Amino acid sequence: MRSSTFVFTSFVALSQVQNVLAFTQCYYPDGSIPTDYIWEPCTGAEFSSCCVPSEGDICQPNGLCYY
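Residue positions are counted from 1 within each chain, in the order its sequence is given. Whole-chain, interface and lining totals are the exception, using all residues; otherwise, since this is a predicted model, local features are given only for residues with pLDDT of at least 70 and side-chain atom pairs are given and counted only at 80 or more. Each side-chain value is derived from all of the structure's non-hydrogen atoms; neither hydrogens nor water enter the calculation.

Engineer: How do you make sense of the environment of Ser49 when you look at a structure like this?
Structural biologist: Numbered from the N terminus, helices here are DSSP runs of H or I no shorter than four residues, and strands are runs of E no shorter than two. Turning to its location among the elements, Ser49 is positioned in the loop between strand E1 (40-41) and strand E2 (50-51). To sort residues, take the accessible area from a 1.4 Å probe on protein chains only and compare it with the maximum for the residue type: under 20% means buried, over 50% means exposed, and anything in between is partly exposed. By relative accessible area, Ser49 is classed as partly exposed at 25%. Counting along the chain gives 15 residues from Ser49 to Leu64, while the straight-line C-alpha distance between them is 5.7 Å. At 2.5 Å, the side chain of Ser49 forms a polar contact with the backbone oxygen of Gly63. Side-chain atoms alone can form a polar contact between residues adjacent in sequence; in general such a contact is a pair of N or O atoms within 3.5 Å, and within protein one must be able to donate a hydrogen while the other accepts it.

Below you can see the structure in the form of structure tokens.
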């Protein structure tokens, strides 16, 4: 019973993380969605700075982008 509870709890937790990440989007200041680079949010929060890891940007633990 304990094993099945752990599996169920893990599944629910992971599905919630996936839901947050699935709806996190980066936008330009004018509200448009970037199409020139692949931007990634630094956190799963509602508002986050975004980085372009392919260009060497690094998301820092404080949620800001270092480039």
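Engineer: Looking at this structure, I do not really get the environment of Leu64. What am I missing?
Structural biologist: Relative to the assigned elements, Leu64 resides in the loop between strand E3 (58-59) and strand E4 (65-66). Residues Leu64 and Thr43, 21 residues apart in the sequence, show an inter-C-alpha distance of 8.9 Å. When checking whether two residues touch, look at their non-hydrogen atoms; a contact exists if any pair is within 4.5 Å. Look past the residues within four positions of Leu64 in its chain and what remains in contact with it is Cys42, Ser49, Ile58 and Cys59.

Engineer: Honestly, the state of the cysteines in this entry has me stumped. Any pointers?
Structural biologist: When the sulfur atoms of two cysteines share a covalent bond, that bond is a disulfide. Here, a disulfide means two cysteine sulfur atoms that sit within 2.5 Å of each other. Following the criterion strictly, the structure yields three disulfides and no others. Residue pairing for Cys26: its cysteine sulfur links by disulfide to Cys50, the two sulfurs lying 2.0 Å apart. Linking Cys26 and Cys50, the disulfide has an S-S dihedral of approximately -100° and is accordingly described as left-handed. Taken as a pair, Cys26 in the loop between helix H1 (2-22) and E1 and Cys50 in strand E2 lie far apart in primary sequence, 24 residues in all. Cys26 sits in the buried class, given a relative accessible area of 5%. Note on Cys50: relative accessible area 18%, which makes it buried. Linked covalently through their sulfurs, Cys51 and Cys65 form a disulfide whose S-S length is 2.0 Å. Remark: Cys65 occurs in strand E4 and Cys51 occurs in strand E2; sequence separation between them is 14 residues. Of the two residues, Cys51 and Cys65, both sit in the buried class.

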